[in-house]
Amino acid sequence: MSPVNLPPPIKALIATPEPPQLGPGPRAEVLAPAALNGQLDAFLNIAGLPSPNADLVRATVLLWHDHFDAAHGLAQEIESADGSYVHGILHRREPDYGNAKYWFHRVGTHPSFVELAARGTGLLQGDRELESKLIPHGQWDPFAFVDACERVAGRPAANAQVQRLRDLQAVEFEILLARFCE
């Protein structure tokens, strides 16, 4: 399956040595909010995205770089399935698993779930048990993903299941960013 087509400036902003952790981080290689916002401002001025999408891009990139407060301030103001999705990821990583599930209930069936299920199936080959939990009957289950993140909380980053879940989370971010940049 081909990778998501992200605008080069956004692709560069999430080209960190490692994807975000399942928990809050922080990671050493993230950019400071001022640097991110400067680069985002330059991109968003050229891209001409509508206000909700521009705010969603900014919140998602800030969250990728572990800036929870700034991302939260933006996500909670966007009353849509997309805003709730970013809000759900934020609380999943916080970790506040119950609150994450609340926000995923508000998401409902998101258009990104189809691509996430397809790409997730490819990433999880060889781990049928995890695949059957996260993508039952070929459908992405965001609640099962929250549960999976909770199950591995506290395990070392080198753990194989933690790595697979982090890779899935990175794909989730990429799919959402591509959607928000349309």
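Residues numbered from 1 in each chain as written. Predicted model: local features only at pLDDT ≥ 70, side-chain atom pairs only at ≥ 80, totals over all residues. Heavy atoms only, no water.

Moving on: the packing of aromatic side chains. Two measures describe an aromatic ring pair: the distance that separates the ring centres and the angle between the ring planes. Applying the stated criterion to the full structure yields five aromatic pairs. Between Y85 and F104, the aromatic rings sit 5.3 Å apart at their centres with planes inclined by 80°, giving edge-to-face as the arrangement. Pair noted here: Y85 is in helix α5 (residues 81–93) and F104 is in helix α6 (residues 97–107), with a separation of 19 residues, a long-range link. With respect to burial, Y85 and F104 carry one shared label: buried. (Phe/Tyr/Trp six-rings, centres within 6.5 Å; stacked < 30°, edge-to-face > 60°. Helix = DSSP H or I, 4+ residues; strand = E, 2+ residues; numbered from the N terminus. Buried < 20%, exposed > 50% of the residue type's maximum accessible area, 1.4 Å probe, protein only.)

Turning our eyes to something else, we now look at the nonpolar core. One finds I10, V57, L63, Y85, L134, W140 and L165 to be the most contacted residues of the largest nonpolar core, which totals 57 residues. Residue contributions to this core peak at 11 residues, all from helix α10 (residues 160–180). Not counting chain neighbours up to four residues away, the residues in contact with W140 comprise Y85, F113, L116, A117, L134, I135, F145 and L168. (Core = buried A, V, L, I, M, F, W, Y, C linked by side-chain atoms within 4.5 Å. Contact = heavy atoms within 4.5 Å.)

It is worth spelling out the packing of helix α3 (residues 51–64) against α5 at this point. The N-to-C vectors of α3 and α5 enclose an angle of 10°; their axes lie 10 Å apart at closest approach. As judged from the angle between their axes, α3 and α5 are roughly parallel. Taken as a pair, α3 and α5 cross one another with a handedness that is left-handed. Two secondary-structure elements touch here, α3 through L56, A59, T60, L63 and W64 and α5 through D82, G83, V86, I89, L90 and R93. Classifying every residue of the contact of α3 with α5 gives seven nonpolar, two polar and two charged. (Axes fitted to C-alpha atoms, helices over the stretch in contact; angles between N-to-C directions. Parallel < 35°, antiparallel > 145°, perpendicular 65-115°, else oblique. Left-handed = near helix turned anticlockwise from the far one by under 90°. Nonpolar A, V, L, I, M, F, W, Y, C, P; charged D, E, K, R; others polar.)

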